[in-house]
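One-letter residues, chain by chain:
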Amino acid sequence: MLTEVTATRYVTPLREGGSLPGIVEADDLGTYVMKFTGAGQGRKTLVAEIICGQLARRLGLRVPDLVRMQLDPVIGRSEPDQEVQELLKASGGLNLGMDFLPGSIGFDPLAYEVTSAEAGRIVWFDALVNNVDRSWRNPNMLVWHGDLWLIDHGASMIWHHNWRSAAASAEKPYDASDHALAPFGPDVTAADAALAPLVTEELLTEVAADVPDEWLADEPGFETAEEVRAAYVGALLSRVPGLADRITLGPRTERPASNAPGWLTEHVDLRPRTARTGGAGA
Ligand SMILES: Nc1ncnc2c1ncn2[C@@H]1O[C@H](COP(=O)(O)OP(=O)(O)OP(=O)(O)O)[C@@H](O)[C@H]1O
Ligand SMILES: [Mg+2]
């Protein structure tokens with residue numbers, strides 16, 4: 001089960017996020033990015049964050065730690081923004097927290113080099129969970145202490161919005177030509193060989209167990225939360241065989257222009273630590 005903490009102070013909203021996540025402090029003295037049950041995107045976004053985030057971590061990808069976060073909307077009393085006030089009011093009780101990575105910066109394909117092996121593992125994982133939200137327009141990856149971290153899996157597993165489509169979607173190709181890591185020559189064959197054997201029913205069952213019952217309750221077509229968990233396990237498991245063959249990458253494209261300011265891309269070496277060693281620094 002995920003650790004549970006209680007929010008003690010609402011610090012500030014993260015305006016970049018469409019769902020208006022907020023930076024929040026908690027009673028364990030940690031600082032978290034809080035994703036709210038009352039956000040317009042609904043609780044399925046949070047279910048996707050947990051299943052995909054926990055699965056990615058178990059596959060060796062970097063994802064900030066996730067926690068269950070209790071919220072008493074009273075902590076937002078002095079928050080001047082009405083939109084934030086309403087979001088907090090609508091989100092009393094259990095929400096999702098993600099460890100805040102202080103000083104991290106958004107991934108920029110021109111400023112940060114990714115190996116084809118790492119790019120392959122991330123693209124393969126995104127194909128597994130049908131993540132449509134890691135394009136170069138919105139990479140949803142952070143660079144922190146020289147490493148790449150994955151965030152924002154809320155738009156994954158689109159088939160959970162219509163369970164009857166889940167079985168058919170297992171066979172569908174995953175178009176990764178727009179993926180933020182497509183320009184790095186992702187080696188999805190090597191990723192498939194390394195990761196596919198790890199995605200077992202046992203692992204998926206453990207990951208699905210981290211979703212709170214109350215976010216799985218009253219799902220149309222299901223009697224119990226356990227049934228819904230089993231549906232996630234079955235749907236993800238059925239996607240594994242032949243996954244690498246269903247990933248389409250398109251022709252290798254030039255890296256899109258950087259959005260980062262010049263002072264950042266010209267003077268700061270943001271390549272992974274490993275790429276910087278052996279005199280490759282300057
Ligand atoms: N763990 C974290 N540590 C530091 N910054 C973070 C973290 N999580 C998110 N952020 C920042 O907050 C922004 C919004 O977060 P996120 O993408 O998860 O929200 P969202 O509402 O799902 O966004 P979207 O508009 O992409 O759907 C990120 O782009 C990033 O800048
Ligand atoms: Mg995002």
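Relevant structure appears above.
Worth saying up front: this structure is predicted, and the values here are computed from it rather than measured. (Residues numbered from 1 in each chain as written. Chains lettered and ligands numbered in written order. Predicted model: local features only at pLDDT ≥ 70, side-chain atom pairs only at ≥ 80, totals over all residues.)

**Student:** I'd like a rundown of the nonpolar core, residues and numbers included.
**Tutor:** Taken as a class, soluble globular proteins show a tendency for nonpolar side chains to be buried jointly. Membership of the largest hydrophobic core comes to 68 residues, with the highest contact counts inside it found for I51, V123 and W124. Counting residues per element, this core draws most heavily on helix α1 (residues 43-58), which supplies eight residues. Of the domains in this structure, domain 1 (4-105) and domain 2 (106-267) are the two that each give at least three residues to this core. When near neighbours in sequence (up to four residues on either side) are disregarded, W124 contacts V188, A191, D192, L195, L243 and A244. (Core = buried A, V, L, I, M, F, W, Y, C linked by C-beta atoms within 7 Å. Buried ≥ 20, exposed ≤ 12 C-beta atoms within 10 Å, placed from the backbone. Helix = DSSP H or I, 4+ residues; strand = E, 2+ residues; numbered from the N terminus. Domains from an automatic or database assignment. Contact = placed C-beta atoms within 7 Å.)

**Student:** Help me get a handle on the site of ligand 1, residues and values and all.
**Tutor:** As a structural note, the neighbourhood of ligand 1 is formed by 20 residues, with G17, G18, S19, L101 and D152 the closest of them. Partitioned by chemical class, the residues of the shell around ligand 1 number nine nonpolar, eight polar and three charged. Each of domain 1 (4-105) and domain 2 (106-267) gives at least three residues to the shell around ligand 1. (Near = placed C-beta within 6 Å. Nonpolar A, V, L, I, M, F, W, Y, C, P; charged D, E, K, R; others polar.)

**Student:** I'd like a description of helix α7 (residues 225-239), backed by residues and values.
**Tutor:** Three- or four-residue spacings in an α-helix give side chains the same orientation, since the helix completes a turn every 3.6 residues. Taking 1.5 Å of rise per residue, 15 residues should cover 21 Å, and α7 covers 22 Å from first to last C-alpha, within 8% of that figure. Among all positions in α7, only V228, R229, Y232, V233, A235, L236 and R239 are buried. Viewed end-on, α7 has its buried residues packed into an arc of 165 degrees, placing them on one side of the element. Among the structural elements, α1, α3 (116-128), α4 (166-169), α6 (201-208) and α8 (243-246) are those in contact with the buried residues of α7. (Expected span 1.5 Å × (residues − 1). Arc of directions from axis to C-beta.)

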